[in-house]
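Listed below, chain by chain, are the residues.
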Amino acid sequence: MRVRGDRHPCPIVIRATPAVTVRSLLRVEHYLRGSFFDCAAPWKRVIVEGVAVLELISSALPWASAIGCTLALLILPGWGVLALARVPMRRLYGVAPPVTLAMLTVIGALAHLVGIPFGRPVVMAGFLLMFALAAILGRTVWRETSAPELTPTEPAESASRPRYLRIAASMAPALLALLVGLGWAVPSVRAIGSVDELAQSFDAFFHHSAIQQLREGGDAFPLTALAPLYHAETVMYPVGWHSVAALLPGDTTVAANSLVVATLMLLPLTMLTMMDQVLPPGRARRVSLTALMFMPAFLTFPSVTLRAGLWPYSLAAALLPALIAALLHMRHGRRADDRTSRSVIVLLAVIGGTAATHPALAFALLLIVPVLVIDAIVLVRDPETRRRGVTLLVVYGVAAVALLGVSLSRFDSMSTFFGRMSSNSPLMALGIVLTDRPAYQALPFAPLHVILPWIFAGIGVLVGIRRRSVPVIGMTIGLGAVVLVMTSALIPGPLGPLLTWPWYGDRERLGPVMVIGVIALAGVGLQEVVIVAERLRRRSSEPGSGRRRATPVIALVLVALGATGTLTSGRTSILAEATYHPERSPYKVYVAEAEEDFIRATSQELTADAVVLGDPRDGTSMFSALGGHEVVFAYLQPPLDIPRKRVARYADQYEDVPRVCAALASTGANYLYRDTSADSGRSGATAEQNEEFAGLNALDTSELELIAQHGPYALYRLDVTC
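Owing to the predicted nature of the structure, the values given are computational and were not obtained by experimental measurement.

Scoring rules and cut-offs
- Residues numbered from 1 in each chain as written.
- Predicted model: local features only at pLDDT ≥ 70, side-chain atom pairs only at ≥ 80, totals over all residues.
- Heavy atoms only, no water.
- Helix = DSSP H or I, 4+ residues; strand = E, 2+ residues; numbered from the N terminus.
- Phe/Tyr/Trp six-rings, centres within 6.5 Å; stacked < 30°, edge-to-face > 60°.
- Buried < 20%, exposed > 50% of the residue type's maximum accessible area, 1.4 Å probe, protein only.
- Lys NZ or Arg CZ within 6 Å of the ring centre and 35° of its normal.
- 1 Å grid on protein atoms, 1.4 Å probe; cavity = no way out; pocket = protein on both sides within 12 Å on 5 of 7 lines; lining within 4 Å.
- Points joined across faces, edges and corners; volume = space filled by probe spheres on them.
- Nonpolar A, V, L, I, M, F, W, Y, C, P; charged D, E, K, R; others polar.
- Pairing = 2+ DSSP bridges.
- Salt bridge = Lys/Arg side-chain N within 4 Å of Asp/Glu carboxyl O.
- Patch = residues over 30% accessible without salt bridge, like charges linked within 9 Å, V, L, I, M, F, W, Y side chains within 5 Å.
- Areas by Shrake-Rupley, 256 points an atom, 1.4 Å probe, with all protein chains shown as cover.
- Lys, Arg positive; Asp, Glu negative; His and termini not counted.
- Charge placed at Lys NZ, Arg CZ, Asp CG, Glu CD.

S.K.: What exactly am I supposed to notice about unusual backbone geometry here?
M.R.: As a rule of thumb, non-glycine residues mostly have phi less than zero, and peptide bonds are mostly trans rather than cis. Located in the positive-phi region is Asp436, a residue other than glycine, with phi close to 55 degrees. By secondary structure assignment, the location of Asp436 is in the loop between helix H16 (426-434) and helix H17 (451-467). Positive phi, close to 55 degrees, is recorded for Arg468, a residue that is not glycine. With respect to the helices, strands and loops of the structure, Arg468 is situated in the loop between H17 and helix H18 (470-488).

S.K.: Looking at this structure, how should I read the packing of aromatic side chains?
M.R.: Two measures describe an aromatic ring pair: the distance that separates the ring centres and the angle between the ring planes. Evaluated as defined, the whole model comprises 12 aromatic pairs. With a centroid separation of 5.4 Å and an interplanar angle of 55 degrees, the aromatic rings of Trp184 and Phe301 are classed as tilted. You can see Trp184 sitting in helix H5 (residues 163-192) and its partner Phe301 sitting in helix H11 (residues 300-307), a full 117 residues away along the chain. According to the relative accessible area criterion, Phe301 is buried, its value standing at 2%. Ring centres 5.5 Å apart and planes at 35 degrees place the aromatic pair Tyr230 and Tyr635 in the tilted group. Placement of the pair is Tyr230 in helix H7 (residues 227-230) and Tyr635 in the loop between strand E2 (630-631) and helix H25 (642-650), with a sequence separation of 405 residues. Taken together, Phe206, Tyr230, Tyr237 and Tyr635 form an aromatic cluster joined through their ring pairs. Sitting over the ring of Tyr313, Arg509 keeps its end group 6.0 Å from the ring centre.

S.K.: Any chance you could explain empty space enclosed by the protein here in plain terms?
M.R.: Summary: where empty space remains is shown by rolling a probe the size of a single water molecule over the atoms. If you walk through the whole model with that rule in mind, you get 3 cavities of 30 Å³ or more. Ala297, Leu299, Thr435, Asp436, Arg437, Pro438, Leu443, Pro444, Phe445, Ala446 and Arg571 are the residues that line the largest cavity. Of the residues contributing to the lining of the largest cavity, the split by class is 7 nonpolar, 1 polar and 3 charged. Estimated volume of the second largest cavity: approximately 40 Å³. Class assignment for the residues of the lining of the second largest cavity results in 7 nonpolar, 2 polar and no charged.

S.K.: How should I be thinking about the pairing of strand E3 (residues 671-675) in this particular structure?
M.R.: Put simply, side chains in a regular strand alternate between the two faces of the sheet. Along E3, 5 of the 5 residues are buried, which leaves the element largely enclosed by surrounding structure. Neither face of E3 is exposed, since Tyr671, Tyr673 and Asp675 on one face and Leu672 and Arg674 on the opposite face are all buried. For strand E1 (residues 611-613) and E3, the ladder comprises 2 bridges, and the chain directions are parallel. Paired with Val612 across the two strands is Tyr671, which belongs to E3. Summarising the sheet, E3 and strand E5 (residues 713-717) pair through 5 bridges and their orientation is antiparallel. Each residue of the ladder has a partner; that of Asp675, found in E5, is Tyr713.

S.K.: How do you make sense of the pairing of strand E4 (residues 705-710) when you look at a structure like this?
M.R.: Across 5 bridges, E4 lies against E5 in antiparallel orientation. Looking at E5, one finds that His710 is bridged to Tyr713.

S.K.: When you look at the pattern of salt bridges in this model, what are you seeing that I'm missing?
M.R.: Two side chains carrying opposite charge are able to pair once their charged atoms lie near each other. Scanning the model with the defined rule gives 10 salt bridges in all. Close ionic contact of Arg600 with Glu596 constitutes a salt bridge, the shortest N to O distance being 3.4 Å. In this pair, Arg600 and Glu596 both sit in helix H23 (residues 593-603), 4 residues apart, roughly one turn of the helix. The class of Arg600 is buried, set by a relative accessible area of 12%. The class for Glu596 is buried, based on a relative accessible area of 2%. Of the charged contacts, one joins Glu691 and Arg649 as a salt bridge, the two residues approaching to 2.5 Å between their closest N and O atoms. Placement of Glu691 in helix H27 (residues 687-692) and of Arg649 in helix H25 is noted, with a sequence separation of 42 residues between them. Residue class for Glu691 comes out partly exposed when judged on its relative accessible area of 38%. It is possible to trace a salt-bridge network through shared partners that takes in Asp251, Glu596 and Arg600.

S.K.: In this structure, what is going on with a negative patch on the surface? I would like to understand it.
M.R.: On the surface, Glu655, Asp656, Asp700 and Glu703 cluster together into a negatively charged patch. With respect to the secondary-structure elements, Asp656 resides in the loop between H25 and helix H26 (658-666). Judged by its relative accessible area of 66%, Asp656 is exposed.

Structure, rendered in structure tokens:
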């Protein structure tokens, strides 16, 4: 157990790991406080246990406050705008996060054009202006339509309940969604440990540097926000995720970790709103929402979020159900003004917020595109709407051709980025996809966890076909297409690269999309099971019997049993440990704990004009992410511009080669960081990879002034004169 009081806004942060249990805390207290806490005395043991519980609570408080702050930032601004605009849609909190991200994107663009630094005061002012605009529109342009009801349409027998009970009943699904999110979040938090634990992955290092760049540069415009990291004037990079993290309290590790765990809790909330649009209205709708409890059985979403470190992509995946819900809401709009104005504006805001997080999720709309195509075909069959239907089909066709053209031009470079996993047969590849098995081989294979969700999803498909439900049939086709694409990534051949290039040939990135489709269809199937069960009990029970009311309880217990095994399996903890504690996994340790402490301590002694040079694979970028100082190489990949390529390859020749000396001087580097430990960037790398930084690592330090050193970690003063 280690106290880190200087790394979080809270006074004391206790580093809690799965090994820190109440029993271990009891031993610590008994050892520290001597014989006074003799466990033989019952009253003394009560004191010891009380202290242990308080310490565990204190270790959880930083996480709770950080995650709560993150969810509030993601949900409240968007929810406020939608509510003030009187958007007639239930469960606005599920659509609010992408709207919030769209608001941040607009504020960042306007601040860039005006020349105002992007930060909390500017964002707060922008939110207030948008609230005022939404309120004006809600009271003038859209005044005729009433505001969304607090409670969905309910049976007549429940309309006589007190108002507070009806409001509580309407909030029950949201609480259920939060509890489902905790099924992923709690094991993750236990495995990560401290809220300021450093994620050890290639992508995580870049995102830490990007957060720091937004905080220091005060620019959140996608064309220029991260351009300094690439040493260019303009670089198109969506910074929705980084904008949220830059506004959160704490250093980059605290902000990133809280946003990562909040993302795990966000997907069930957005799924709840989507299912509210997919499920037919009726008595069993609320019970069928308990299908959300199946979600922790699927692990590709936490795998992408925790193990791979694809944080912006995972947040965009969590927003995808909100995008589908907005599409279905516009499709179901009853009033012409809703379809042409308010619903369209909401849809555009949701699309913009999702695209500002990660545009690759546009390809994941494959799940909902069949619904739109079927709708267009239905319009074509009606003579009064035939022109509109033909127009939509033409637009969809042009988009498909354009997407195919882009696929043919770019799939070679992107599909081979990840080594594709081959299987013995297409049947085995299909089994890997359907059982949602992550690529992390250290994870126990538990296919039984997903059987029940797939069974209910199959029932939902049959129900949708029987009722000719366009959303259900369309999502079934879309789910089949997603499964096909994921399976093709596991089978050698030309089809996989062509279909999977937007996801770098990595089928795990499509896993969250498959989970969204399965859970939605499972909700339809569960609703039908509840309806049939109630019908049978109504026939076999006398009027007024209470047996009929037991059906929802039975359904709830059934789903809970299906999710219990996953909630207690600890598989999510294994995924988190792979990134945050790689010493317990086969993955590489980029920055050891001692090195992290050295960088944090040394950064406090450096001046504001410090520019640190060093191999980025040695953790040099952490002088920016953790210490707030400029670095020459801010990410792990090789440099892209010519001067820095010369520095990386030929830095040891700067005294003899004028061009190398000029390139080194242009970086402004005045400090050199060197890591000679067993976990340095050179260990485990190929000869070609080490060649890219050969000159930098061969730079002679014997005549340089030593500023600080701790074991194999050293920082030198660098004075370059040409």
